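Per-entry structural report
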Amino acid sequence: DTEVTQTPKHLVMGMTNKKSLKCEQHMGHRAMYWYKQKAKKPPELMFVYSYEKLSINESVPSRFSPECPNSSLLNLHLHALQPEDSALYLCASSQVGVGEQYFGPGTRLTVT
Amino acid sequence: QQQVKQSPQSLIVQKGGIPIINCAYENTAFDYFPWYQQFPGKGPALLIAIRPDVSEKKEGRFTISFNKSAKQFSLHIMDSQPGDSATYFCAAKNYGQNFVFGPGTRLSVLP
């Protein structure tokens, strides 16, 4: 099973709301990633967790707060977002030190 | 140094043609080079990947050619089909699990 699941599929939120994106994998992968993808652009790495510890933060604004509660779950907490944060948010996972990375279907986020 | 360049930006071929997409990098610390296929509204799917100690890798109709000295790699799609119409991204990874993606190539395969 090479499936990464993400919920919700779509999310519309106001600039004062707090919401969370959820990602789950059961492949035993110990590296998990959050990417942001704008239309007609490549995915941009936001955060990487290795062995449930944050290992890479690509200078992401603090209104995005990642959390890795266990080796199968990855959350992205959203607060006080801006309209320019509207994008497809992708979760991915892989073995640590190995390149084969599997993506979820993404959450389409719209900030109004 | 972290950038991956990709060309062409878009590509149109007839069914059965062999589209070729090229990528180039500068950072010699990259140790893994995957290609992803993405359909509209979907997440990227890993197609094929190569490590720098190999010059060519084939998986089905997809072939990666890798030139370590030139710091370039390319994707060839043999016998292309309309179902291959998608956006293709090359990428590169360093030892720290940091993936950098090329800007993408939109491929259209005409019936």
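Here, the structure is the one placed above.
Calculation rules
Residues numbered from 1 in each chain as written. Chains lettered and ligands numbered in written order. Predicted model: local features only at pLDDT ≥ 70, side-chain atom pairs only at ≥ 80, totals over all residues. Heavy atoms only, no water. 1 Å grid on protein atoms, 1.4 Å probe; cavity = no way out; pocket = protein on both sides within 12 Å on 5 of 7 lines; lining within 4 Å. Points joined across faces, edges and corners; volume = space filled by probe spheres on them. Helix = DSSP H or I, 4+ residues; strand = E, 2+ residues; numbered from the N terminus. Contact = heavy atoms within 4.5 Å. Buried area = accessible area lost by both parts, 1.4 Å probe. Salt bridge = Lys/Arg side-chain N within 4 Å of Asp/Glu carboxyl O. Nonpolar A, V, L, I, M, F, W, Y, C, P; charged D, E, K, R; others polar. Disulfide = S-S within 2.5 Å. Buried < 20%, exposed > 50% of the residue type's maximum accessible area, 1.4 Å probe, protein only. Phe/Tyr/Trp six-rings, centres within 6.5 Å; stacked < 30°, edge-to-face > 60°. Polar contact = N/O pair within 3.5 Å; in protein donor to acceptor, adjacent residues only side chain to side chain.

We now examine the layout of surface pockets. In this structure, the largest pocket encloses a volume near 620 Å³. Along the wall of the largest pocket there are 27 residues; nearest its centre are Ala39(A), Lys40(A), Lys41(A), Thr87(B) and Arg106(B). Those elements giving two or more residues to the lining of the largest pocket turn out to be strand S9 (86–93) and strand S11 (105–110) of chain B. Top contributing element to the lining of the largest pocket by residue count: S11(B), with four residues.

To continue, consider empty space enclosed by the protein. Residues and elements named next belong to chain A. Summed over the entire model, instances satisfying the criterion amount to one cavity of 30 Å³ or more. Size it by volume and the largest cavity reaches roughly 30 Å³. Taken together, His29, Arg30, Ala31, Met32, Tyr49, Tyr51, Glu52, Cys68 and Ser71 make up the lining of the largest cavity.

Let's shift gears to the interface of chain A and chain B. Across the boundary between the two partners, chain A contributes 26 residues, which contact 19 residues of chain B. Together, the buried faces of chain A and chain B total about 1,600 Å²; carbon and sulfur atoms form 54% of this surface. The tally of links from chain A across to chain B stands at zero salt bridges. Where the side of chain A that touches chain B is concerned, the elements lending two or more residues are strand S4 (31–37), strand S5 (44–50) and strand S9 (87–94) of chain A. Counting residues per element, the side of chain A that touches chain B draws most heavily on S4(A), at four residues. Looking at the side of chain A that touches chain B residue by residue, the class counts come to 14 nonpolar, eight polar and four charged.

If you walk through the whole model with that rule in mind, you get two disulfides over all chains. Residue Cys23(A) pairs covalently with Cys91(A) via a disulfide, S to S 1.8 Å. The disulfide joining Cys23(A) to Cys91(A) has a torsion of about -70 degrees about its S-S bond and is therefore left-handed. Of this pair, Cys23(A) sits in strand S3 (residues 18–25) while Cys91(A) is found in strand S9, placing the two residues 68 residues apart along the sequence. On the accessibility criterion, Cys23(A) (0% relative accessible area) is buried. Looking at Cys91(A), the relative accessible area reads 0%, which means it is buried. Across the disulfide, Cys23(B) is cross-linked to Cys90(B) (sulfur-sulfur distance 1.9 Å). Handedness here is read from the sign of the S-S torsion; for Cys23(B) and Cys90(B), about -100 degrees, the answer is left-handed. Here Cys23(B), found in strand S3 (residues 20–25), pairs with Cys90(B), found in strand S9; they are 67 residues apart in sequence, far enough to count as distant.

All names here are of chain A. One pass over the full model with this rule turns up seven salt bridges over all chains. Note that Arg63 and Asp85 form a salt bridge whose closest N and O atoms lie 2.7 Å from each other. In this pair, Arg63 sits in the loop between strand S6 (53–57) and strand S7 (64–70) while Asp85 sits in the loop between strand S8 (73–79) and S9, placing the two residues 22 residues apart along the sequence. Take Asp85: its relative accessible area is 2%, and that puts it in the buried class.

To continue, consider the packing of aromatic side chains. Applying the stated criterion to the full structure yields 18 aromatic pairs over all chains. A connected cluster of aromatic rings, assembled from ring pairs, spans Tyr33(A), Tyr35(A), Phe103(A), Tyr36(B), Phe89(B), Phe99(B) and Phe101(B).

With respect to the secondary-structure elements, Gln101(A) resides in the loop between S9 and strand S10 (102–103). Reaching out from Gln101(A), the side chain makes a polar contact with the side chain of Tyr35(A) at a distance of 2.8 Å. Discounting chain neighbours no more than four positions away, the residues touching Gln101(A) are Tyr33(A), Tyr35(A), Ala92(A), Ser93(A), Ser94(A), Tyr36(B), Leu46(B) and Phe99(B).

Interpretation in functional terms is not warranted from these geometric data alone.
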